[in-house]
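Per-entry structural report
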Amino acid sequence: MRTTISILLLAVVAAGFFLCLADVPFGEPKTQVGNYYIEEGRAQTGAANIVTSVVLAYRGFDTLGEVTVLFVAAFGLGAVLGAAGGKRKHEPIEPASIVLRTGCRFLFPMLIIFGVYVFLHGHLTPGGGFQGGAVIASAFLLVYLGCRERRINLTRKTWTDSLGGLAFVVIGLIGLGVGGRYFLSNFLPNGVVNQLFSAGILPLIYIAIGLKVGAELTGVVDDLLEETE
Amino acid sequence: MSFLHNYIYYIGAAGLVLIGLLIILAKHHLIKVIIGLSILDTGVNLFLIAVGYIKDGTAPIFSRPDLDPGRMVDPVPQALVLTSIVIGVAILALALGLAVKLHREFGHLDLRKIKELKW
């Protein structure tokens, strides 16, 4: 009964989709603003990756809101699960096999280096702070799975998290004071496009975001894994 | 066939959204509902990317300075999807946390038996 009603409802939704999308051409340019960013992005922000210049330069304030949403969700998860500040009980866990342990020790530094590479080169190649942070969090997840008795240092995690967020806001405020009329305006030279030291403040912001997202997602993994033990 | 060729991404994205909605509406297990939410999220992301696609376009990255700006796909939907993915992760984490809490409270995740959710 419930399934039948759901399918009937979904048929109405599908008809609505069809009516909306029938006139939208696929593969045609649709907006002017995208062209503007592609034409002017390199000269105005110095970043070779136009998506990065949209995310951090043209819409940097939105990204601050996005980071805040992620922070609130990670904080809320800790609050819901009651892990924040509370005492944790550590029962003895059966250790992983030697293959898993060795593989995890071998891969952990490489994953960290790859994550740092992804967020350091966010203004040049596909990637950026959020993606690099996710890779770093996956390295810590590997540690949780492979070397099961190891736990991250929660104090250090909180400090990294807070300092990353603080660095983002401080860079924005310096831009407000030194660089120009608005929050997060660029106060460093743009440099030569396609070099590592280019694009002004964008790599600095992505380093802050990368550390913050890495610490936050590691905290999420930690909260959810503690529950299963 | 040309219809399929032109609109396959829209069809796929709308299909993912509908599948996600169907799971959310019809399933009784909370974890399955959360999986449906995640599938719906993926469908919306795919739809946004498909709207921004330009035929034979390249990624909007000037990895070589001589790339033609006229052939690049729209960067704005990609930036929006970057935001959307992060928000999706946040929602997923919070929903799973609430599911863990519910399981601790009731011992199961069957939505038909959790009367406190009914209104």
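Up top is the structure.
Throughout what follows, the structure given in this document is the object of discussion. (Residues numbered from 1 in each chain as written. Chains lettered and ligands numbered in written order. Predicted model: local features only at pLDDT ≥ 70, side-chain atom pairs only at ≥ 80, totals over all residues.)

**Details of the interface of chain B and chain A**
Contacts between the two partners involve 39 residues from chain B and, on the opposite side, 45 residues from chain A. Those elements that place two or more of their residues in the side of chain B that touches chain A are α1 (2–26) and α3 (75–106) of chain B. Residue contributions to the side of chain B that touches chain A peak at 16 residues, all from α3(B). Considering only residue class, the side of chain B that touches chain A consists of 31 nonpolar, five polar and three charged. (Contact = placed C-beta atoms within 7 Å. Helix = DSSP H or I, 4+ residues; strand = E, 2+ residues; numbered from the N terminus. Nonpolar A, V, L, I, M, F, W, Y, C, P; charged D, E, K, R; others polar.)

**Comments concerning the nonpolar core**
Membership of the largest hydrophobic core comes to 56 residues, with the highest contact counts inside it found for A:Val54, A:Leu70, A:Leu202, A:Ile205, A:Tyr206, A:Ile209 and B:Ala93. Setting aside chain neighbours within four positions, we find A:Ile205 in contact with A:Leu56, A:Phe168 and A:Ile171. Core analysis: the next-biggest nonpolar cluster, separate from the first, contains eight residues, B:Ala13, B:Ala14, B:Val17 and B:Leu21 among them. (Core = buried A, V, L, I, M, F, W, Y, C linked by C-beta atoms within 7 Å. Buried ≥ 20, exposed ≤ 12 C-beta atoms within 10 Å, placed from the backbone.)

**A short note on the packing of helix α3 (residues 50–58) of chain A against α3(B)**
Contact geometry for α3(A) and α3(B): axes closest at 9 Å, N-to-C directions at 60°. Relative to α3(B), the element α3(A) is oriented oblique. Between α3(A) and α3(B) the crossing geometry is right-handed. Contacts from A:Ile50, A:Val51, A:Val54 and A:Val55 in α3(A) reach B:Pro75, B:Val76, B:Gln78, B:Ala79 and B:Leu82 in α3(B). Taken together, the residues of the contact of α3(A) with α3(B) break down into eight nonpolar, one polar and no charged. (Axes fitted to C-alpha atoms, helices over the stretch in contact; angles between N-to-C directions. Parallel < 35°, antiparallel > 145°, perpendicular 65-115°, else oblique. Left-handed = near helix turned anticlockwise from the far one by under 90°.)

Note that all results are geometric; they support no functional claim without further evidence.
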